[in-house]
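Each chain, letter by letter, is given below.
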Amino acid sequence: MEYTTLGRTGLKVSVMGLGCGGPSSIGQSTGNSEDESIAIVKYALKSGINFIDTAEVYQTERIVGHGIKGYNRENLVLSTKKSTWGNIKPKDVLKSLQRSLKNLGTDYIDIYHLHGVILSDYDYLVSEIMPTLQELRDQGKIRFLGITERFNPDPHHSMLQRALQDDIWDVMMVGFNILNQSARDRVLAKAIEKNIGILIMFAVRLALSRPKRLKECLNELIGKNQISPSEINIEDPLKFLIHKNGAKNLVDAAYRFCRYEPGIHVTLSGTGNLSHLKDNLESILRPPLTEKDLIKLKKIFKNVDSISGQ
Ligand SMILES: NC(=O)c1ccc[n+]([C@@H]2O[C@H](COP(=O)([O-])OP(=O)(O)OC[C@H]3O[C@@H](n4cnc5c(N)ncnc54)[C@H](OP(=O)(O)O)[C@@H]3O)[C@@H](O)[C@H]2O)c1
């Protein structure tokens, strides 16, 4: 595994993190037993991943807690989240944090995020909830504060652009992938200036792991005039990436594309399938895609900001 520093937090983190939500929820949404999901966490740790992302709403915190038992806590970076929908109150945060600590079997969270924040909730959360989070940080129950966007309804990053104007976030979780690269100019450039730790979600998601879904997304983008039909072959749109010096397959291309983007520290991989995890670990350690392929991807998708790749 390779490691990097997570921006201003100074934490040493693996360049791939295990995502315990998303369509798989480490297999809890795709038919794994709890033991199989625990084995995914353990395998990730054994392979050198030290960054694990979960959330109260994923219902995988307890499984993560089992998976990390016996592992040196000091070397581990645990990231979890408080759901923000439904006008939450400070007392809800206190309850949720207590529950997360118990589920994870730890007495502190390295990065505690406000989860899936939308622009219209942002000011309320900063004025009403932030003081509680800061107190919890002062008490040592939280080390760093993070915020994550709701990428499906906000694929143009309106909330994170607002959050970047404040100087209160140590870490941000951003949607970024081959199809929607709009975070590069709208989020990452400023995050680099402010030395904010950046975690990437949606690197693969559904569009880049299922050919049928990819075709649907591309047709949608053509319909919205965000990509030009003359620049891709809709029947096998990203085939040009797969060649001797290029990617092994589309998922491989997708993780490598994110891994080397300036400003990104941790690319999250969400899988419940051990063989996929092994492949993804190999992908993250391969070199960047070729310059020629990267230029082509940037050109084809330069105007896209309307889909998440879900
Ligand atoms: N707003 C938020 O805060 C927010 C929102 C979304 C996600 N997240 C976080 O970000 C993490 C990453 O997002 P994500 O879970 O969508 O991850 P992802 O890695 O972009 O995509 C996961 C999907 O790709 C599939 N996949 C993974 N590796 C594969 C492979 N080698 N071959 C074929 N298919 C593969 C998975 O299915 P298999 O299980 O079959 O491998 C799953 O359906 C989440 O787990 C969560 O922790 C946060």
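In case you missed it, the structure is sitting above this.
Small disclaimer: the values here were computed from a predicted structure and weren't measured.

Undergrad: How do you make sense of the site of the ligand when you look at a structure like this?
TA: Taken together, 30 residues lie around the ligand, and Ser 24, Asp 53, Tyr 255, Thr 271 and His 276 are the ones closest in. For the ligand, an oxygen atom lies 2.4 Å from a polar atom in the side chain of Ser 24. Measuring from an oxygen atom of the ligand, one finds a backbone N or O atom of Gly 270 at 3.0 Å. When isolated, the ligand has an accessible area of 900 Å², and the protein chains bury 90% of it. Every element with two or more residues in the shell around the ligand is listed here: β7 (142–149), α8 (250–259), β10 (266–269) and α9 (274–284). Per-class residue counts for the shell around the ligand are 11 nonpolar, 14 polar and five charged.

Undergrad: Would you explain the layout of surface pockets in this entry?
TA: Which parts of space are left empty comes out when a probe the size of a water molecule is rolled across the atoms. Considering only enclosed or pocket space, the largest pocket measures out at about 980 Å³ in volume. In terms of lining residues, the largest pocket is bounded by 46 residues, among which Gly 21, Gly 22, Pro 23, Arg 205 and Gly 270 are the most central. Residue assignment for the lining of the largest pocket shows that the elements contributing at least two residues are β6 (109–117), β7, α8, β10 and α9. Here the second largest pocket defines a volume of roughly 220 Å³. Taken together, 16 residues line the second largest pocket, and the ones lying closest to its centre are Pro 211, Leu 214, Asp 236, Pro 237 and Leu 250. For the lining of the second largest pocket, the secondary structure elements donating two or more residues are α7 (211–223) and α8. In terms of residues, the lining of the second largest pocket owes the most to one element, α7, which gives three residues.

Undergrad: What exactly am I supposed to notice about the packing of aromatic side chains here?
TA: Given two aromatic rings, their pairing is described by the distance between the two centres and the angle made by the two planes. Under the definition given, this model contains three aromatic pairs. Here the aromatic rings of Tyr 122 and Trp 169 are separated by 6.3 Å at their centres, their planes lie at 55°, and the arrangement is tilted. Pair noted here: Tyr 122 is in helix α4 (residues 119–138) and Trp 169 is in the loop between α5 (158–163) and β8 (171–175), with a separation of 47 residues, a long-range link. For the ring pair Phe 151 and Phe 202, a centre distance of 5.1 Å and an interplane angle of 85° mean the geometry is edge-to-face. Residue Phe 151 is located in the loop between β7 and α5, and its partner Phe 202 is located in the loop between β9 (197–201) and α7; the two are separated by 51 residues in the primary sequence. Using a relative accessible area of 2% as the deciding quantity, one classes Phe 151 as buried. Directly above the ring of Phe 202 sits Arg 205, whose terminal nitrogen or CZ lies 3.9 Å from the centroid. Taking the ring centre of Phe 240 as reference, the NZ or CZ of Lys 296 above it sits at 4.2 Å.

Undergrad: How should helix α6 (residues 183–194) be read in this particular structure?
TA: Helical periodicity: at 3.6 residues per turn, an α-helix aligns residues three or four positions apart in one direction. Among the residues making up α6, those that are buried are Ala 183, Arg 184, Val 187, Leu 188, Ala 191 and Lys 194. Viewed end-on, α6 has its buried residues packed into an arc of 160°, placing them on one side of the element. Residues of α6 that are exposed and point over 90 degrees away from its buried face: Asp 185 and Glu 193. Lining the buried residues of α6 we find α5, β8, β9, α8 and α10 (291–300). At the C-terminal side of α6, Asn 195 shows a positive phi close to 55°.

Undergrad: Help me understand the sheet that holds β6 in this model?
TA: Sheet architecture is closed into a barrel: eight strands sit in the order β3-β4-β5-β6-β7-β8-β9-β10, paired in parallel fashion. When the angles between neighbouring strand axes are averaged without regard to direction, this sheet yields 25°. Examined bridge by bridge, strand β3 (residues 16–19) and β10 share three bridges and lie parallel to one another. Looking across to β10, one finds that Leu 18 is bridged to Ser 269. Its contacts with the sheet place α4 against β6 and β7, and it is angled at close to 170° to β7.

Undergrad: Looking at this model, I keep getting lost on the side chain of Glu 56. Mind explaining?
TA: Looking at the secondary structure, you find Glu 56 in the loop between β4 (51–53) and α2 (61–68). Those residues within four positions of Glu 56 in sequence are excluded, and the remaining contacts are Glu 61, Thr 80, Lys 81, Lys 82, Ser 83, Ser 96, Arg 99 and Ser 100.

Undergrad: Help me understand α7 in this model?
TA: Between its first and last C-alpha atoms α7 spans 18 Å; for 13 residues at 1.5 Å apiece the expected length is 18 Å, and the two agree. Those residues of α7 not exposed but buried are Leu 214, Cys 217, Leu 218 and Leu 221. Projection of α7 onto a plane perpendicular to its axis shows the buried side chains occupying an angular sector of 95°, all on one side. Facing away from the buried side of α7, by more than 90 degrees, are the exposed residues Lys 212 and Gly 223.

Undergrad: I would appreciate a short explanation of the environment of Lys 292 in the present structure.
TA: Relative to the assigned elements, Lys 292 resides in helix α10. Separated by 92 residues in the primary sequence, Lys 292 and Ile 200 have C-alpha atoms spaced 23 Å apart.

Scoring rules and cut-offs
- Residues numbered from 1 in each chain as written.
- Predicted model: local features only at pLDDT ≥ 70, side-chain atom pairs only at ≥ 80, totals over all residues.
- Heavy atoms only, no water.
- Near = heavy atom within 4 Å.
- Polar contact = N/O pair within 3.5 Å; in protein donor to acceptor, adjacent residues only side chain to side chain.
- Areas by Shrake-Rupley, 256 points an atom, 1.4 Å probe, with all protein chains shown as cover.
- Helix = DSSP H or I, 4+ residues; strand = E, 2+ residues; numbered from the N terminus.
- Nonpolar A, V, L, I, M, F, W, Y, C, P; charged D, E, K, R; others polar.
- 1 Å grid on protein atoms, 1.4 Å probe; cavity = no way out; pocket = protein on both sides within 12 Å on 5 of 7 lines; lining within 4 Å.
- Points joined across faces, edges and corners; volume = space filled by probe spheres on them.
- Phe/Tyr/Trp six-rings, centres within 6.5 Å; stacked < 30°, edge-to-face > 60°.
- Buried < 20%, exposed > 50% of the residue type's maximum accessible area, 1.4 Å probe, protein only.
- Lys NZ or Arg CZ within 6 Å of the ring centre and 35° of its normal.
- Arc of directions from axis to C-beta.
- Contact = heavy atoms within 4.5 Å.
- Pairing = 2+ DSSP bridges.
- Axes fitted to C-alpha atoms, helices over the stretch in contact; angles between N-to-C directions.
- Expected span 1.5 Å × (residues − 1).

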